[in-house]
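Fold and contact review
Okay, here's what each chain looks like letter by letter:
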Amino acid sequence: MKDGGNAGLATAYAARELRVPATIIVPQSATESTIKRLEQYGANVEIFGKVWDDANERAMALAKTDGWINIHPFDHPLVCVAKCLGAKTVAQRALDCTKECPIISHVLEDVEAVEAVEQFLDDERILVEPACGASLALLYSGYLQQLQKEGRLSQALESIVLIVCGGSGISLRGLQAMKKQLGMK
C-alpha cells in the first residue's frame with residue numbers, strides 16, 4: 001500500500017483492527033504528523049521517492065516481487081472521477097469514467113479552494129483539506145449555476161452530490177499557514 005493521506009490512514013486503521021500487518025509507502029513529501037499517525041495505528045511506514053508516483057511504483061514492485069497485496073488509494077472500480085491532487089497522472093478508473101459520463105473540467109485558483117474550505121467550516125462545522133475545497137468551490141463560487149445558464153449543464157437537475165472527504169491532513173494552524181502563503185486575510 002502507498003499513500004500517506006486518508007487512504008493510507010484508513011488502511012493502517014483497518015489493518016490494526018483486523019490484526020494484519022500493513023506497510024504504507026509514502027513519498028518524502030509526506031508530513032511528519034501523517035507518518036506519526038500511520039505509525040500510531042501500527043503500520044510500518046516506508047519513505048520512498050520524492051512524490052506519490054515514486055511511492056506508487058515502489059508499492060507495485062513490492063507486490064510483484066515480494067507477493068504483497070497492493071491496495072490502490074484511488075484507482076478502484078468503486079471510486080469513480082477521483083484522483084490524488086498530488087499525482088502526476090490520472091487514475092485509470094477516473095479516465096474510464098470520462099467515457100461513461102459527461103465531464104466538464106474547470107480549473108480553480110488555490111485561493112478559491114481555501115475560501116470554500118472556510119465557508120464549509122462555517123456552514124457545516126467540518127474542516128476539510130483544500131483538495132476537497134476545490135470541489136466545494138464549484139458550489140460556493142456559483143460556477144454550477146453559470147454552467148446551467150450557458151446550457152452546458154441541465155437546469156432540470158434535482159440535486160447535485162459532492163462527496164466531502166479528506167480531513168486527515170488539515171488543521172486550523174495549517175489552514176492559517178496556507179492563507180498566509182496565498183496572501184489571504
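All of these numbers come straight from a predicted model, not from anything done at the bench.

What counts, and where the lines are drawn
Residues numbered from 1 in each chain as written. Predicted model: local features only at pLDDT ≥ 70, side-chain atom pairs only at ≥ 80, totals over all residues. Heavy atoms only, no water. Helix = DSSP H or I, 4+ residues; strand = E, 2+ residues; numbered from the N terminus. Buried < 20%, exposed > 50% of the residue type's maximum accessible area, 1.4 Å probe, protein only. Contact = heavy atoms within 4.5 Å. Areas by Shrake-Rupley, 256 points an atom, 1.4 Å probe, with all protein chains shown as cover. Pairing = 2+ DSSP bridges. Right-handed = clockwise from strand over helix to strand, strands pointing away. Salt bridge = Lys/Arg side-chain N within 4 Å of Asp/Glu carboxyl O. Axes fitted to C-alpha atoms, helices over the stretch in contact; angles between N-to-C directions. Parallel < 35°, antiparallel > 145°, perpendicular 65-115°, else oblique. Left-handed = near helix turned anticlockwise from the far one by under 90°. Nonpolar A, V, L, I, M, F, W, Y, C, P; charged D, E, K, R; others polar. Patch = residues over 30% accessible without salt bridge, like charges linked within 9 Å, V, L, I, M, F, W, Y side chains within 5 Å.

1. A look at the overall build of the protein
The helix and strand tally for the protein stands at eight helices and two strands. Moving toward the C terminus, one meets the helices and strands of the protein in the order α-β-α-β-α-α-α-α-α-α. When the 185 residues of the protein are sorted by exposure, 30% land in the buried category. Here the analysis covers contacts within the protein between residues at least 6 apart in sequence; of these, 48% occur between residues at least 24 apart. For the protein, the accessible surface area stands at approximately 12,000 Å², while carbon and sulfur atoms represent 54% of it.

2. Considerations on the pairing of strand β2 (residues 44–47)
Pairing analysis gives four bridges linking strand β1 (residues 23–26) to β2, with the strands arranged parallel. Residue pairing across strands places V26 opposite I47, the latter belonging to β2. Viewed along the sheet, the connection from β1 through helix α2 (residues 32–40) into β2 turns out right-handed.

3. Description of the pattern of salt bridges
Applying the stated criterion to the full structure yields five salt bridges. A salt bridge links E118 to K179; the nearest nitrogen and oxygen atoms lie 2.6 Å apart. Taken as a pair, E118 in helix α5 (residues 110–124) and K179 in helix α8 (residues 172–181) lie far apart in primary sequence, 61 residues in all. We classify E118 as partly exposed; its relative accessible area is 23%. Among the salt bridges present, the one from E150 reaches R152, with a minimum N-O distance of 3.7 Å.

4. A short note on the packing of helix α1 (residues 6–18) against α2
Between α1 and α2, the least distance of the axes is 9 Å, while the angle of their chain directions is 15°. Taken together, α1 and α2 sit at an angle that is classed as roughly parallel. The hand of the α1/α2 crossing is left-handed. Together, G8, L9, A12 and R16 of α1 and T34, R37, L38 and Q40 of α2 make up the contact between the two elements. When grouped by side-chain class, the residues that make up the contact of α1 with α2 number three nonpolar, three polar and two charged.

5. Things to note about a nonpolar patch on the surface
Judged by side-chain polarity, L139, Y140, L157 and I160 come together as a nonpolar surface patch covering roughly 330 Å² of accessible area. Among the structural elements, L139 can be located in helix α6 (residues 130–140).

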